[in-house]
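Survey of secondary and tertiary structure
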Amino acid sequence: QHLQLLLDAGVSGIRFDAVKHLRPKHLEEHLRHLRTSDEGLFAYGEVLSLDETMHKEYMALGCPSSDFPLTVFMTRALSEGL
């Protein structure tokens, strides 16, 4: 219902924060609803992880993930003091 309220308000994009805490099946249901409601809607998920398999799991649903390059850079910067 909350996603429909956003669509009714005219949003054209959804960012799922901390998507790794959603089961892929639940995200798939949300994406299906969003895409049947508005074909032009853009949705992506924030996955702050170095686990490439996790990113692929969500991207396979048609939900691009963000922050992977940032995670790598931040990990190196914090561990190596760059």
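The notes below deal with the structure included here. (Residues numbered from 1 in each chain as written. Predicted model: local features only at pLDDT ≥ 70, side-chain atom pairs only at ≥ 80, totals over all residues. Heavy atoms only, no water.)

Bringing the packing of aromatic side chains into the picture now. Enumeration over the complete set of coordinates arrives at 1 aromatic pair. Taking 5.6 Å as the distance between ring centres and 40° as the angle between the ring planes, the aromatic pair formed by F42 and Y44 counts as tilted. Given a relative accessible area of 47%, F42 falls into the partly exposed group. According to the relative accessible area criterion, Y44 is partly exposed, its value standing at 25%. (Phe/Tyr/Trp six-rings, centres within 6.5 Å; stacked < 30°, edge-to-face > 60°. Buried < 20%, exposed > 50% of the residue type's maximum accessible area, 1.4 Å probe, protein only.)

What follows covers the nonpolar core. Ranked by size, the top nonpolar core spans 14 residues in total, and within it I14, F16, V19, L27, L31, L34 and Y58 carry the most contacts. Among the elements that take part in this core, helix 2 (residues 24-37) stands out by supplying 3 residues, more than any other. (Core = buried A, V, L, I, M, F, W, Y, C linked by side-chain atoms within 4.5 Å. Helix = DSSP H or I, 4+ residues; strand = E, 2+ residues; numbered from the N terminus.)

We now examine the sheet that holds strand 2 (residues 42-46). If you trace the 3 strands from one edge of the open sheet to the other, you get 1-2-3, paired in parallel fashion. Where the open sheet ends on each side, the last strands, each with one partner, are strand 1 (13-16) and strand 3 (65-66). Sheet topology note: the strand 1/strand 2 ladder contains 4 bridges and is parallel. Bridge pairing in strand 2 links F16 to G45. (Pairing = 2+ DSSP bridges.)

Just distances and angles here, no functional claims.
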